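# Report on the structure
Single-letter residue listing:
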Amino acid sequence: MDFKKLIPHLIAIGVLLLVATMFFAPNAFSGKVLSQSDNDKARGMATEAVAYAKQDGKSPLWTNSAFGGMPTYQIKSPSSGNLTRPAVRTLFLWTDTSSVWAQVFVAMLCMYLFLGTLKTDWRVSIFGAIAYGITSYNVDILEAGHTTKMMALALTPGIFAGAVMVFNGRLLSGLGLLALFISMQVYANHIQITYYTLLLLGIYGLAQIVDVVKHGTWLPYFKGVAAIGIGVAIGFAANLSRMWSTYEYSQETIRGTSELAAKSAKSSGLTPEYSFDYSCGKLESFTLLVPHYAGGGVGESYTETATFKAIAPQIQNRQQADQQTGQLMYTGSQPFVGTAIYYGAVVIFLAFLGALLARGSVKWWLLGSGIFAITLAWGKYFALNLFLFDHLPMFNKFRAVTMAFGIGQLCFAALGALGLQKICDPDLAFSRKKMALMIAGGGTLLLCLIAWISHSSVGANDIQLEKNPEILELLYKDRSALLQSDVLRSMLFIALAVALVWLYLRGTLKANLTVIAIAALSLVDQWSVCSRTLTSDKYISKSAGSAIPKERQADKQIKQDKDIHYRVLDLARGGITGNGTTSYFHKSLSGYHAAKLQRYQEVVDSFLNGPKLADNLHIVGMFNGKYIITPPQGQEEPRVILNPEACGHAWFVNHFDILPTAEAELQSLHLLRPRDSAVVQQAYATALQGFTVQPDSSAKIDLVKYHPDIMEYEYSAKTEQFAVFPEIYYPPAKGWKTYLNGQPAPDFFKVDYLLRGMRLPAGQNMKLEMRFEPASFYTGEKVAWIASILSVLLFFAGFILWFRQHPLEDPNRLAEEEQPAPGRPVPAAPRPPAPVDKKKGKK
């Protein structure tokens, strides 16, 4: 092996590391972190699981700290028997989720690898890697705490690198790379990004058919497709415990099928309205080229605008005034955005060049995928998405389609890198390069002008200012000024990039200097836009970032109750489905998760939201919701109310009604007296056939030992009884097992729409256990062990074999001699030396 050829790659890695650490300098060098709200909520909901993991040495698989109960593996992975975990830890430099610099560095490193498989020069690859890493989209999701999404995006180029190697004939090494990166991406646990990745792999396979038809290479093509299929299968199998259990869980959530006939008839997943709630308007996509086309977002600062100066005196908190200004400034079609999604003027210009100059299936793949990603982000504003929602498997399981912009950035950055590589290709005619430069430069400048002309200063939130026409007028002027400034800014960066390319074509600049200059120009472009959102004041100390929220007096008051199991409904920290903070302190009826249990969500929507709650405290009591924390009034502290309707750990009912439909069962809850009566849907009433409750005033049942995975009860009854448990119903086939006096007992069934019920035989001091033992997890772990070992072995075997059979390729792919442009004299060929007379030593 020629180790000199490794030096450029080491330099490139050093450059990428430098860029990542400098961009996130407070995080990389000072140990400060971003205040990531989503990570804070996730940590809150994982509090119970973390505590029991420390106590037991392993994480429980169920928690009662959120939404009344849900599987823990949807919040915090308990997986341990998997070699994918150390692979991920190693690649991400053994950092934690707060190390945002490492996540962006890995994204750039994987992009560098991908571009290397596309045969770009190492300096061109640095450009593409930075164009993928330093972006407003990445900054936006990192600031929000969407760590799993960032990790999945960071690993995506590695998957594409494996696919390119497979189709280039490196079957084993490509298979090993793809299998390992798929397993790591699935481990990152953001299925929507993985889904989009697989869609783009499918587009790549379709694009390859053009070359296959042209050259008749059907056998290698099918071998490549088979290898990619095997790699994807191994990657998923290496995470089977997570994927299988997630699939099981998804069927019971708002992304599955509802029992309510009206909802199940519409869709087996999310509703179109919910799925496409965050849809980017078509014209709003101009932000990819002109960042302030739609006004920006709440994550930016607008303290220098006239609107802020007019609003600030009315709001005591300066930060809140700035956020409100940002909300008003946004004119797009989404509920709100953190910042504008900006691909970069230089990147888009170079992507135009790539589309014009590059040839082959890879060009069409990247171009088609990039356009597809943008149209996907349009959501409900593009008819094809509505068709895909109804017909493409799994498409209706995902929300916030605008995250497709993240994978679109990859396509445009890679296509831009190909454009930069091709402009420096001496085998391409000068005339063709000149024509491409004119079209690309003129096209992107024209798009800037169209953005300027098509811009509207009117926004959806303007209705809030109808009674303040003076502020509304200032808002219109600020929006126009921001737009004008950014149009001119983008045009300037495009003009500078065009000038650099032209200087290269005229022979004034060498290829390497041209590439370096354009990479630096693009970095300045992206860095300055990202800095609008990522400011130094958004970093906090690591101790502050990991600190749990301050415990309120209400929390302390509730904790004085030493009951082993009860729940709290906290209305002081936000809505029921948007509050993960209470879980830091109590078993909460609130939570924050993208996939809530369907039945729970339906009960919340029907009875517990807003003013409806006051008439339905008995439903809170069904969950043994013992305490309610009320919202603060003015400067007062939140108050604690003892819920008189709390039903306890378990109870026997004297009556039950069997109802024909889920609708009837749900609606009956409003008038239900849960301590005395129960309702059971006909579909779940098999265990009650021929059964009539014989009341026993001396019968009693109680929870004697609590563990999230193991609930132990003791009861005594002279007659057979109908017991109700204030625990979320989760199908026994998916993990919950029941044991009576140590022996397997009949499964519990669904009562009161979302609780557990059992028909219990008479007896004294009977012991009943409910254990969460999902086969999807335990069997999945065994398969994951085998598959993860296989993926790692394939990775190392493939690359060892390749490097033994092939020399290390030269990463320098820029021509030493430039092609002269027309009008420049062609350098004369050097005259060969005259022969030397060895005898005389003279020429």
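### A closer look at the packing of helix α1 (residues 7-23) against helix α24 (residues 511-530)
Two numbers describe how α1 lies on α24: the axes approach to 12 Å, and their chain directions differ by 25°. Between α1 and α24, the angle falls in the class roughly parallel. Handedness of the crossing formed by α1 with α24: right-handed. Contacts between α1 and α24 involve V19, M22 and F23 on the former and, on the latter, L523, W527 and C530. For the contact of α1 with α24, the per-class residue count stands at 6 nonpolar, no polar and no charged.

### Side note on the environment of Y132
Along the chain, Y132 falls in helix α7 (residues 122-133). Residues Y132 and E143, 11 residues apart in the sequence, show an inter-C-alpha distance of 17 Å. The residues touching Y132, leaving out its near neighbours within four places in the chain, are A107, M111, N138, L153, A154, T156, P157, G406, Q409, L410 and A413. One polar contact links the side chain of Y132 to the main-chain carbonyl oxygen of L153, over a distance of 2.5 Å.

### Some words on the pattern of salt bridges
The tally for this structure, following the rule as stated, stands at 27 salt bridges. Between K750 and E259 there is a salt bridge, with the nearest N and O atoms lying 3.4 Å from each other. Of the two residues, K750 is situated in strand β16 (residues 749-751) and E259 in the loop between α13 (240-250) and α14 (261-264); the sequence distance between them amounts to 491 residues. Taking relative accessible area as the criterion, K750 reaches 0% and is therefore assigned buried. Using a relative accessible area of 25% as the deciding quantity, one classes E259 as partly exposed.

### Structural notes on the sheet that holds strand β8 (residues 651-653)
With antiparallel pairing, the 4 strands of this open sheet are ordered in space as β8-β13-β17-β16. Of all strands in the sheet, those with a lone pairing partner are β8 and β16, marking the two edges. Between one strand axis and the next, the sheet turns through 45° on average, direction left out of account. When strand β13 (residues 721-728) meets strand β17 (residues 755-760), the two strands line up antiparallel, connected through 6 bridges. The residue bridging A723 from the neighbouring strand is M758, located in β17.

### A closer look at the nonpolar core
As a rule of thumb, nonpolar side chains are buried together in soluble globular proteins. Counting 152 residues, the largest nonpolar core has F114 and W365 as its most contacted members. The leading source of residues in this core is helix α9 (residues 147-167), at 14 residues. If sequence neighbours within four positions are ignored, F114 has contacts with P157, F160, A161, V164, W365, L366, L410 and A414. In terms of nonpolar packing, the next biggest core, distinct from the first, is built from 78 residues, M45, V603, V620 and Y713 among them.

### Some remarks on the pairing of strand β18 (residues 763-772)
On any regular strand, side chains alternate: one points to one face of the sheet, the next to the other face. Bridge analysis of strand β12 (residues 710-717) against β18 gives 7 bridges, and the strand direction is antiparallel. Bridge pairing links I710 to R771 in β18. Across 5 bridges, strand β14 (residues 736-740) lies against β18 in antiparallel orientation. When the bridges of β18 are listed, T738 appears paired with M770.

### Description of the side chain of H707
Relative to the helices and strands, H707 is located in strand β11 (residues 700-707). On the basis of relative accessibility, which here comes to 14%, the residue H707 falls in the buried class. Polar contacts involving the side chain of H707 include one to the main-chain amide nitrogen of D709, which spans 3.0 Å. Apart from residues no more than four positions distant in its own chain, H707 is found in contact with Y52, D56 and P60.

### Here we look at the side chain of T303
Among the structural elements, T303 can be located in the loop between α15 (272-275) and α16 (306-311). Not counting residues up to four positions away in its chain, the partners in contact with T303 are F308, K309, R318 and D322.

### Quick notes on the environment of L199
Note on placement: L199 falls in helix α11 (residues 191-215). Along the primary structure L199 and F722 are separated by 523 residues, whereas in three dimensions their C-alpha atoms are 50 Å apart. Discounting chain neighbours no more than four positions away, the residues touching L199 are F372 and L392.

### Things to note about unusual backbone geometry
A positive phi angle is found at K119, which is not glycine, with a value near 70°. Within the secondary structure, K119 sits in the loop between α6 (100-117) and α7.

### A closer look at helix α23 (residues 469-505)
The terminal C-alpha atoms of α23, which comprises 37 residues, lie 54 Å apart, in line with the 54 Å expected from a rise of 1.5 Å per residue. Of the residues one or two after α23, G507 is the one with positive phi, at around 90°.

### Observations regarding the sheet that holds strand β6 (residues 625-629)
Read across the open sheet, the 3 strands follow the order β5-β6-β7; overall the sheet is mixed. Looking at the sheet topology across the chains shown, the edges are occupied by β5 (567-570) and β7 (640-642). Sheet twist, expressed as the average angle between the axes of neighbouring strands with direction ignored, equals 25°. In terms of strand pairing, β5 meets β6 through 4 bridges, oriented parallel. Bridge pairing in β6 links L569 to I628.

Reading guide: rules and limits
- Counting restarts for each chain: residues are numbered from 1 in the order of the written sequence.
- Where totals are concerned, whole chains, interfaces and linings use all residues; where local detail is concerned, this predicted model gives features only for residues with pLDDT of at least 70, and gives and counts side-chain atom pairs only at 80 or more.
- Remark: hydrogens and water are excluded; side-chain values derive from all non-hydrogen atoms of the structure.
- In this analysis an axis means a line fitted to C-alpha atoms, helices contributing only their contacting stretch, and an angle means the value between N-to-C directions, from 0 to 180 degrees.
- What counts as a helix is a DSSP run of H or I of at least four residues, what counts as a strand is a run of E of at least two, and both are numbered from the N terminus.
- Roughly parallel refers to an angle under 35 degrees, roughly antiparallel to one over 145, roughly perpendicular to one between 65 and 115, and oblique to any angle outside these ranges.
- Handedness of a crossing follows from how the near helix is turned relative to the far one, being left-handed for an anticlockwise turn of less than a right angle and right-handed for a clockwise one.
- Whether two residues touch is decided by their heavy atoms; if any such pair falls within 4.5 Å, the residues are in contact.
- Here the term charged refers only to Asp, Glu, Lys and Arg, the term nonpolar to Ala, Val, Leu, Ile, Met, Phe, Trp, Tyr, Cys and Pro, and the term polar to all other amino acids, Gly among them.
- Between N or O atoms, a polar contact is any pair within 3.5 Å; within protein, one atom must be a potential hydrogen donor and the other a potential acceptor, and residues adjacent in sequence are included only when both atoms are from side chains.
- By definition, a salt bridge exists where a carboxyl oxygen of Asp or Glu is found within 4 Å of a side-chain nitrogen of Lys or Arg.
- To sort residues, take the accessible area from a 1.4 Å probe on protein chains only and compare it with the maximum for the residue type: under 20% means buried, over 50% means exposed, and anything in between is partly exposed.
- Paired strands are those between which DSSP finds at least two bridges.
- Grouping buried Ala, Val, Leu, Ile, Met, Phe, Trp, Tyr and Cys residues that are joined through side-chain atoms within 4.5 Å yields what is termed a nonpolar core.
- Expected span, for any helix, means 1.5 Å times one less than how many residues it has.

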